[in-house]
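As a plain string of letters, each chain reads:
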Amino acid sequence: MSSRKNPVIDLSHSRYAKLQPAALSEVTLNDDFWQPRRVINRDKTIPAQYTQCATTGRIDNFRRASGKMQGDFQGIFFNDSDVYKWAEAASFSLATDPDSELDSLLDSVIQEIADAQQPDGYLNSYFMFEREKDRYSNLKDMHELYCAGHLVQAAVAHHRATGKTNFLSIACKLCDHFYNVFGPGKRAGTCGHEELEMALVELYRDTQNENYLALAELMMDARGKRPGIFQNSAYHQDHLPFTEQTDLVGHAVRHLYYCCGGADVALEKDSAGYVNALEALWKSLTKRRSYITGGAGSRYEGESFGKDYELPNDRAYTETCAAIASVMWNFRMLHLTGEARFADVMENTLYNAVLPGISLDGVQYFYENPLADRGEHRRQEWFGCACCPPNVARLLASLPGYFYSVAQDSVYIHLYATSSARLTVGNGTEFRLSQSANYPWDGVITLTIEQDTEVAITLRSRIPGWAGSAKIAVNGGEAETVPAGYAALTRVWKAGDTVQISLPMEVQILEGHPQILGNRGRAAIRRGALIYCVEAVDNSGVDTWDIALTSDTRLSPVLEPNLLNGIVVLKGEGALLDSSGWEGRLYRAYTPSGETTPYTLTAVPYYSWANREAGAMQVWLPMA
Ligand code: FUB
Ligand code: ZN
């Protein structure tokens, strides 16, 4: 059984949602770009990640907690969260691709989790036996509630995907326990690592139990008091109350998950203070503190946001989890406002900051995502701190749920890919459509209306911000130019009606704000939704870091069907900087820039880098 609720966020009862996301069961992606990734995710990523969880003791930790196994807890104290994220990914996968073996495997893992739950509802496999006395003694650092948040999200996804309640009942028992400990009038408590806030809102949406929403709100508002619950540490977002926050600070994943929680509460309750803060924080992200890829959290130190414009390229931390958190937050903002700018950031981040996090074969991962490298940074099969791999898995497994939304009388198309959708518009009317596209390689997208009955609605297709404008033609008629945003077409739609959207796919050469010091005198390359980079393997015989663009550079797209699962590369005449004369020295008297030589460069999509032999790479090229 697969429910008609969106697996990630279900807004069907939300009072302040402008849009309702489509359910996973309503959307089928059969696209050349995404399909291999979904298949890899299901057939390779999810089984390989289960093996990692099993062989690294992550599942045994639950067996130990339930007394079935002896020995020490294995790994990092928040390792439970990896099993939960894996379970969430597996649940999404069951919603789109039912598989009895995976279903039974997941049930067996859920049983281990259930057996580890304490009679009072407590559940964390680290704080057992000799550590039982330390429960809730260090909420700032020990991630007890963070792990619980991932459990809750997994349980809700499992419930929506399968209709079963074996996981959901564990989550409810745990959150009832939290309500008894941290609920109104009880101990003020929240986690040093946000995550439970949005999970509690989702559990409320799934059960309609108001206690969970009340607890989410209490936890959202626990920060920023005087004295602070975490010594007013900005790293933990305890420097100010959420409603007074204007800058993204501290640990990036934490702050972005906090914003997800804030958006979720704002979707359920009248909270102008939250909405204003969310807007200010979103500006901090998009106008001052994120990379051109959408990646966020530039500092290695504390895995944190830097100051405004502190966006180094080779030292970009840009954790994959932070990009995922940004996609999740922007998806929530999109539904809170109905505004395309949030879908723009979501798309950009998805293609250019999340996707690099996973190898093309679906079993290796980046934790950090530098925008320039000498060839040492390679994806790994797993990490001691393995937050990123199962996070990518859960996002990719739920991807069809990000494509469409509905409103009372409208269908919104956020993302483009060959796909079909069977949607229920707000007033209960069924609306079916298909997309035919070769996106992100080609900008022509054809929508075809599929349902037999005539339906009067407004079709709102997103014209991405990167496009500026697009041409739209209905039923082969004259094309109209429409600006970026959701292009609204209102009519009585009938089977066979078509809409053709043509997005401009010219290569764009972009510059950054002058105060991003590392990008001074440099430019980046975008074509459509994708940011490009130059990689050594395509540019042999030269130092990749010497490859430059000139004001005359014109890059042309060339389809390479056999390269990197089929990509469009960009080729064109750039230049090569002359870096000779530097042997044996680091500094010299200033010499006006040396000669350059013409050089025909090849650029590939940034998400695809480091999938071949190791070598240098850069996204921001010097302008010669
Ligand atoms: O602390 C839990 C997760 O591990 C964080 O979200 C990541 O940044 C990594 O530190
Ligand atoms: Zn991570």
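All values derive from a computational prediction rather than experimental measurement.

Here is what the cut-offs are and how they apply
- Residues numbered from 1 in each chain as written.
- Chains lettered and ligands numbered in written order.
- Predicted model: local features only at pLDDT ≥ 70, side-chain atom pairs only at ≥ 80, totals over all residues.
- Heavy atoms only, no water.
- Helix = DSSP H or I, 4+ residues; strand = E, 2+ residues; numbered from the N terminus.
- Rg over C-alpha atoms; globule rule 2.2 N^0.38 Å.
- Contact = heavy atoms within 4.5 Å.
- Areas by Shrake-Rupley, 256 points an atom, 1.4 Å probe, with all protein chains shown as cover.
- Phe/Tyr/Trp six-rings, centres within 6.5 Å; stacked < 30°, edge-to-face > 60°.
- Buried < 20%, exposed > 50% of the residue type's maximum accessible area, 1.4 Å probe, protein only.
- Near = heavy atom within 4 Å.
- Polar contact = N/O pair within 3.5 Å; in protein donor to acceptor, adjacent residues only side chain to side chain.
- Nonpolar A, V, L, I, M, F, W, Y, C, P; charged D, E, K, R; others polar.
- Pairing = 2+ DSSP bridges.
- 1 Å grid on protein atoms, 1.4 Å probe; cavity = no way out; pocket = protein on both sides within 12 Å on 5 of 7 lines; lining within 4 Å.
- Points joined across faces, edges and corners; volume = space filled by probe spheres on them.
- Salt bridge = Lys/Arg side-chain N within 4 Å of Asp/Glu carboxyl O.
- Domains from an automatic or database assignment.
- Buried area = accessible area lost by both parts, 1.4 Å probe.

**Some remarks on the overall build of the chain**
Across its full length, the chain holds 13 helices and 22 strands. A compact globule built from 624 residues should have a C-alpha radius of gyration of about 25 Å, and the chain, at 24 Å, falls within 12% of that. C-alpha atoms of the chain, sized along the principal axes, occupy 75 × 70 × 50 Å. Excluding contacts between residues fewer than 6 apart, the proportion of contacts in the chain whose partners are at least 24 apart in sequence is 67%. When the accessible surface of the chain is summed, it comes to about 22500 Å², and 49% of that surface belongs to carbon and sulfur atoms.

**A few points about the packing of aromatic side chains**
Scanning all chains against the criterion turns up 26 aromatic pairs. For the pair Phe33 and Trp34, a centre-to-centre distance of 5.0 Å together with 85 degrees between the ring planes defines the contact as edge-to-face. Residues Tyr317 and Tyr367 carry aromatic rings whose centres are separated by 6.1 Å and whose planes lie at 65 degrees to one another, so their mutual orientation is edge-to-face. Highlighted residues: Tyr317 in the loop between helix H10 (272-288) and helix H11 (320-337) and Tyr367 in the loop between helix H12 (340-354) and strand S3 (372-373), separated in sequence by 50 residues. What links up through ring pairs into an aromatic cluster is the set Phe33, Trp34, Tyr351, Tyr416, Tyr439, Trp441 and Tyr607.

**A few points about the environment of Ala171**
Here Ala171 shows up in helix H6 (residues 168-182). Overall, the relative accessible area of 0% leaves Ala171 in the buried class. When the C-alpha atoms of Ala171 and Asp247 are compared, they prove to be 33 Å apart, with 76 residues separating the residues in sequence.

**Here's the deal with unusual backbone geometry**
Looking along the chain, the bond that leaves Arg226 and enters Pro227 is cis, with omega of -5 degrees. Of note, the amide linkage connecting Tyr439 to Pro440 takes the cis form, showing an omega dihedral of 5 degrees. Positionally, Pro440 belongs in the loop between strand S7 (430-437) and strand S8 (444-449). In this structure, Phe129 is a non-glycine residue whose phi angle is positive, near 50 degrees. The residue Phe129 is located in the loop between helix H4 (100-116) and helix H5 (144-162) in this model. For Phe129, a relative accessible area of 42% translates into the label partly exposed.

**Overview of the site of ligand 1**
Every residue lining ligand 1 is accounted for by Phe78, His143, Tyr146, His193, His251, Val253, Glu303, Glu319, Tyr367, Cys385 and Cys387. Between ligand 1 and His143 there is a distance of 2.7 Å, counted from an oxygen atom to a side-chain nitrogen or oxygen. His251 places a polar side-chain atom, nitrogen or oxygen, 2.9 Å from an oxygen atom of ligand 1. Relative to its unbound accessible area of 270 Å², ligand 1 is 94% covered by the protein chains. The residue inventory of the shell around ligand 1, partitioned by class, reads six nonpolar, three polar and two charged.

**Here we look at the pairing of strand S16 (residues 530-535)**
S16 sits mainly inside the fold: six of its six residues count as buried. Of the two faces of S16, the one lined by Leu530, Tyr532 and Val534 and the one lined by Ile531, Cys533 and Glu535 are each fully buried. When strand S15 (residues 522-527) meets S16, the two strands line up antiparallel, connected through three bridges. Residue pairing in the sheet places Arg526 in a bridge with Ile531 of S16. Between S15 and S16, which pair antiparallel and follow one another directly, the connecting turn spans two residues, one of which, Gly528, has a positive phi of 60 degrees. Here S16 pairs with strand S20 (residues 596-605) via three bridges, running antiparallel. Pairing of Cys533 across the sheet is with Val604, part of S20.

**As for the layout of surface pockets**
In this structure, the largest pocket occupies an estimated 760 Å³ of space. Thr286, Ser290, Tyr291, Ile292 and Asn348 are, among the 31 residues lining the largest pocket, the residues nearest its centre. Going through the elements one at a time, H10, H12 and strand S14 (507-510) are the ones with two or more residues in the lining of the largest pocket. At six residues, H12 tops the list of elements feeding residues into the lining of the largest pocket. When its residues are assigned to classes, the lining of the largest pocket shows 12 nonpolar, 10 polar and nine charged. In this structure, the second largest pocket occupies an estimated 510 Å³ of space. What lines the second largest pocket is a set of 18 residues, among which Asp578, Trp582, Arg588, Ser593 and Gly594 lie closest to the centre. Of the residues that constitute the lining of the second largest pocket, the class distribution is eight nonpolar, six polar and four charged.

**Re the sheet that holds strand S1 (residues 20-21)**
Taken together, five strands build an open sheet; the order of strands is S1-S4-S5-S9-S12 and the sheet is mixed. Taken across any chain shown, the strands that pair with only one partner, and hence form the sheet edges, are S1 and strand S12 (485-493). Relative to S12, strand S9 (residues 455-463) is paired through nine bridges, and the arrangement is antiparallel. In the strand pairing of S12, Ala456 is matched with Val492.

**Considering the pattern of salt bridges**
Taken as a whole and judged by the stated rule, the model has 41 salt bridges. We note a salt bridge from Asp543 to Arg374, for which the minimum N-O separation is 2.9 Å. Taken as a pair, Asp543 in the loop between S16 and strand S17 (547-548) and Arg374 in the loop between S3 and helix H13 (388-397) lie far apart in primary sequence, 169 residues in all. Taking the shortest distance from any N to any O, the salt bridge between Arg612 and Glu535 comes out at 3.1 Å. Placement of Arg612 in the loop between S20 and strand S21 (617-618) and of Glu535 in strand S16 is noted, with a sequence separation of 77 residues between them. Taken together, the shared-partner salt bridges in this structure form one network comprising Lys5, Arg160, Glu202, Arg205, Asp206, Asp264, Glu268 and Arg332.

**Considering the domain arrangement of the chain**
The domains assigned to the chain are domain 1 (20-402), domain 2 (406-502) and domain 3 (507-622). The straight-line distance from the C-alpha centre of domain 1 to that of domain 3 is 34 Å. Between domain 1 and domain 3 the total buried area reaches about 2600 Å² when both faces are included, carbon and sulfur atoms providing 58% of it. Considering only the side of domain 1, the residues that lose the most area to domain 3 are Ile292, Tyr309 and Leu360, jointly responsible for 26% of the buried surface there. At the surface where domain 1 touches domain 3, the tally comes to one salt bridge. Counting residues per element, the ones that place at least two in the side of domain 1 that touches domain 3 are H12 and S3. Element by element, the count of residues in the side of domain 1 that touches domain 3 is highest for H12, at four residues. Each residue belonging to the side of domain 1 that touches domain 3 can be placed in one class, and the counts come to 12 nonpolar, eight polar and seven charged.

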